[in-house]
Amino acid sequence: MGTPNSAQLLSVRDLRVEFEYESGAAPAVDGVSFDLAPGEVLGIVGESGSGKSVTALSIMGLLPTPPGRVAGGTILFEGEDLLPKSPAAMRHIRGKRISMIFQEPMTSLNPVFTIGDQVMETVIYHERVGRRAARDRALEMLEKVGIPSPRARLEEYPHQLSGGMRQRIMIAIALACTPALLLADEPTTALDVTIQAQILELLRSLQDEFKMAVVLITHDLGVVAEFVDRVAVMYAGRIVETADVAGVFERPQHPYTEGLLASIPSLDTEQTRLTAIPGVVPSPFELPAGCRFAPRCRHARPPCTTIIPPLLPRGAGHGAACIRHVDYRTEGLKS
Amino acid sequence: MTAAVDAPGLPAVAKTGLFKRWPILRRLLRHKAFVIGAVLFGFILLVALFADWIAPIDPNRISIRNRFKPPDLTHWLGTDNLGRSQLSRVAYGARLSLAIGFAVVVLNAVFGVILGAAAGYFRRLDNILMRITDALMAFPAVLLAIGIAAALGPSSMTAAIALSAVYIPRTARIVRASVLVVREMEFVQAAIAMGASHLRILGKHVLPNCLAPLIVQLTFIFAYAVLSEAVLSFLGLGAAPPTPTWGNIIAEGRQYIREAAWITVIPGMALAATVLGLNLLGDGLRDVLDPRLKISQA
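Keep in mind that what you see is a predicted model, and the values were worked out from it rather than measured.

### Structural notes on the overall build of chain A
- The number of helices and strands found in chain A is 11 helices and 12 strands.
- Taking 20 Å as the expected radius of gyration for a compact globule of 335 residues, we find that chain A reaches 21 Å, a close match to that expectation.
- Considering only C-alpha atoms, chain A reaches an extent of 70 × 50 × 40 Å along its principal axes.
- Within chain A, the proportion of its 335 residues that are buried is 46%.
- Counting contacts in chain A only where the partners sit at least 6 residues apart, residues at least 24 apart contribute 63% of the total.

Below is the structure:
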């Protein structure tokens, strides 16, 4: 994972993001690298504070600075590094080539303007078309995201719509300029489970139709299994495992991924207690040396606390950052 | 807030387009204090607008024979120490008071919004702008206005400028506070993610969501400005006599307060009605526009 791959749509190399506070700098993202092909769907999975949202915000150039700061690395998008770009240049990429949808659809729309105004705004801004053309596009987008009676909805205000409908509107706004990349930061977390499924299905079909790449950020492995092609598991600012969906679910190569999978309640077995990984994610101010998962890992051995594990290849397209990945599986059999 | 919920128990007018377009009007009209305030202020406003029609006598026409006439059928509100019609003087005084109050409100709306928005949105400017407003707010309002008006020389124009200088920091604070809240909202973040520029975000997404507290604040500032203008002209720092203002009518009449109390009482009542009306109006607007205080109007 040395040089960025400009053949990819998005190529992130060794991204480091720090948050600087009076008490010192906290690395939120520490050497994250991944590639995304055009039309590919990547899921970034991790607990709160693992750095997944910060990674997405860095790609958008939306890190809150200060205290946030990109401390190093490159983000190559369509062959160009986004990090040195000026704010004005980034504004032309945001919403046009890269769009983002957020977790909270209830508050992501401006309460004082109509739905139509808000969908049209992005189109008018980025494509320099007239209001009439923008309105036609808005109508088309509302139809595409499955809003019933879209013509009437254009005139309505956000408070007149439900959460699921608002998230559909957010998706319509994000896709109105047919971006090449969509960053979806926990797009279904705030929604009812039934609505979640509908939104994911909608995203999937739109992804297919627009042939866009998607980075889906979530802590929900169920969402990942349904939607993505490839998964990157993040823990404490680093990617600990990356593989295609089948690889992660069937042959996890990192104890953390195994722990995450084990914590999903199974329908097949009677369980009285939910399985949990012991301990909590370390604070970014007190990160352990070596493997950051070592303090919570039941397979940890002395070298784990000193050596930073690189992302080692484990089969085709599969990588895991665990130095003990070969022997920890057999360990239980021996003892 | 939907039409269906509010419609019962209201006259047929409630179904007209005006209410459909502005559902808030219906809630304002149900607010007793707002209606009383609107009537009081509306009355003063009508008097000011139609002063030359209501009071055809020149407010400065002296008639020594008719000095100190108490209110009667020819002089509805009596005459003053120079026999000038009190009705004319108070009506024309209303015109000036409201004009100055309105000028202060407009200047506050413009500069208060610019300063407040700049301080709240561009965080680098916040500290310096807010320390300047703190310095201005550290003075008692009337004292500062007296100082500025005295420095600029007495006239109705300087009174308006002095009062604006006094109240703009307060407006800027209110706007800044709202901007600070709104700028952190998700839809602002979403607008940034869609590539909107700072000016666009501020103008289209942040400020329209800060309007409610601003409108309420400006109503109160109107009341304070009218009151403070009376204070300034009472002290001789507003429009110079013989131009009638409520403040200088009271000032001139106060030596005769025992013998001809109507000279001071009538402009005093006009002043009280204006300030009370505007305050009730502002309270009503605040209750209706601020969702956190909804209980109080039940």
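### What to know about the packing of helix α4 (residues 32–49) of chain B against helix α6 (residues 86–121) of chain B
Residue and element names in this part refer to chain B.
- Two elements in contact, α4 and α6, have axes whose closest approach is 7 Å; the angle formed by their N-to-C orientations is 105°. Put simply, α4 runs roughly perpendicular to α6. Contacts between α4 and α6 involve Ile44, Leu45, Val47 and Ala48 from the first element and Ala91, Ala94, Arg95 and Leu98 from the second.
- In terms of residue class, the contact of α4 with α6 is made up of 7 nonpolar, no polar and 1 charged.

### Let's talk about the interface of chain A and chain B
- Across the contact, 22 residues belong to chain A and 14 residues belong to chain B.
- Counting only elements with at least two residues in the side of chain A that touches chain B, the list comes to α2 (87–93), β6 (98–101), α3 (115–127) and α6 (163–175) of chain A.
- Top contributing element to the side of chain A that touches chain B by residue count: α3 of chain A, with 3 residues.
- Classifying every residue of the side of chain A that touches chain B gives 10 nonpolar, 8 polar and 4 charged.

### A word on the packing of helix α9 (residues 156–183) of chain B against helix α12 (residues 211–234) of chain B
All names here are of chain B.
- The interhelical angle for the contact between α9 and α12, taken along N-to-C directions, is 160°, at an axis separation of 10 Å. Put simply, α9 runs roughly antiparallel to α12. Pair α9 / α12 crosses with right-handed handedness. The segment α9 lies against α12, with Ala159, Leu163, Tyr167, Thr171, Ile174, Val175 and Ser178 engaging Pro213, Leu214, Gln217, Ile221, Tyr224, Ala225, Ser228, Glu229, Leu232 and Ser233.
- Class assignment for the residues of the contact of α9 with α12 results in 11 nonpolar, 5 polar and 1 charged.

### Re the sheet that holds strand β3 (residues 41–45) of chain A
Residues and elements named next belong to chain A.
- Reading across from one edge, β6-β7-β8-β3-β9-β10-β12-β11 is the order of the 8 strands in this open sheet, with mixed pairing throughout. Looking at strand neighbours, the two that pair on one side only are β6 and β11 (312–313), the edges of this open sheet.
- Two strands pair when backbone bridges link them, and β6 and strand β7 (residues 181–185) are joined in this way by 4 bridges, in the parallel orientation. Pairing of Met100 across the sheet is with Leu183, part of β7.
- Together, β6 and β7 form the strand contacts of α6, whose direction differs from that of β6 by roughly 170°.

### Overview of unusual backbone geometry
All names here are of chain A.
- One non-glycine residue, Arg128, lies in the positive phi region at around 50°.
- Along the chain, Arg128 falls in the loop between α3 and α4 (131–144).
- A positive phi is found at Ala236, a non-glycine position, where the angle reads about 50°.
- Looking at where Ala236 falls in the secondary structure, it is placed in the loop between β9 (230–235) and β10 (238–244).
- Taking the number of C-beta atoms within 10 Å as the measure of exposure, Ala236 has 24 and is therefore buried.

### Focus: the nonpolar core
- By size, the foremost hydrophobic cluster in this structure holds 177 residues, and its most contacted members are Val119, Ala172 and Leu183 of chain A together with Ala225 of chain B.
- Residue contributions to this core peak at 16 residues, all from α6 of chain B.

### Overview of the environment of His75 of chain B
Residue and element names in this part refer to chain B.
- Of note, His75 is situated in the loop between α5 (51–54) and α6.
- According to the C-beta neighbour criterion, His75 is buried, with 21 such atoms within 10 Å.
- Once the C-alpha coordinates of His75 and Ser88 are considered, the two residues, 13 residues apart in sequence, prove to be 9.6 Å apart.
- Excluding anything up to four places from it in sequence, His75 contacts Lys69, Ser85, Gln86 and Leu87.

### Considering the environment of Pro38 of chain A
Residue and element names in this part refer to chain A.
- Take Pro38: it is sitting in the loop between β2 (24–36) and β3.
- By C-beta crowding, Pro38 is classed as partly exposed, having 14 other C-beta atoms within 10 Å.
- Separated by 94 residues in sequence, Pro38 and Arg132 have C-alpha atoms that sit 31 Å apart.

### Thoughts on the sheet that holds strand β4 (residues 68–77) of chain A
All names here are of chain A.
- The antiparallel open sheet is built from 4 strands, whose spatial order is β2-β1-β4-β5. The open sheet terminates on both sides in strands that have one partner only, identified here as β2 and β5 (80–81).
- Where strand β1 (residues 10–21) and β2 come together, 10 bridges link them in antiparallel fashion. Bridge pairing in β2 places Val12 opposite Phe34.
- The sheet contacts of helix α1 (residues 52–60) involve β1, β2 and β4, and relative to β2 the element is tilted by about 75°.

### Here's the deal with helix α7 (residues 123–138) of chain B
- Compared with an ideal rise of 1.5 Å per residue, which puts 16 residues at 22 Å, α7 of chain B spans 23 Å between its outermost C-alpha atoms and is within 8% of the ideal.
- With 1 of 16 residues buried, α7 of chain B is to be regarded as a mostly surface element.

### A word on helix α8 (residues 141–152) of chain B
All names here are of chain B.
- Over its 12 residues, α8 extends 17 Å from the first C-alpha to the last, a length consistent with the 16 Å expected when each residue adds 1.5 Å.
- Burial in α8 covers these residues: Leu144, Ala145, Ile148 and Ala149. Looking straight down α8, one finds that the buried residues subtend no more than 130° of arc, so they occupy a single side. α8 presents Leu143 and Ala151 as exposed residues on the side facing more than 90 degrees away from its buried surface.
- Phi turns positive one or two residues past the end of α8, at Gly153, with a value near 90°.

Calculation notes
- Residues numbered from 1 in each chain as written.
- Chains lettered and ligands numbered in written order.
- Predicted model: local features only at pLDDT ≥ 70, side-chain atom pairs only at ≥ 80, totals over all residues.
- Helix = DSSP H or I, 4+ residues; strand = E, 2+ residues; numbered from the N terminus.
- Rg over C-alpha atoms; globule rule 2.2 N^0.38 Å.
- Buried ≥ 20, exposed ≤ 12 C-beta atoms within 10 Å, placed from the backbone.
- Contact = placed C-beta atoms within 7 Å.
- Axes fitted to C-alpha atoms, helices over the stretch in contact; angles between N-to-C directions.
- Parallel < 35°, antiparallel > 145°, perpendicular 65-115°, else oblique.
- Nonpolar A, V, L, I, M, F, W, Y, C, P; charged D, E, K, R; others polar.
- Left-handed = near helix turned anticlockwise from the far one by under 90°.
- Pairing = 2+ DSSP bridges.
- Core = buried A, V, L, I, M, F, W, Y, C linked by C-beta atoms within 7 Å.
- Expected span 1.5 Å × (residues − 1).
- Arc of directions from axis to C-beta.

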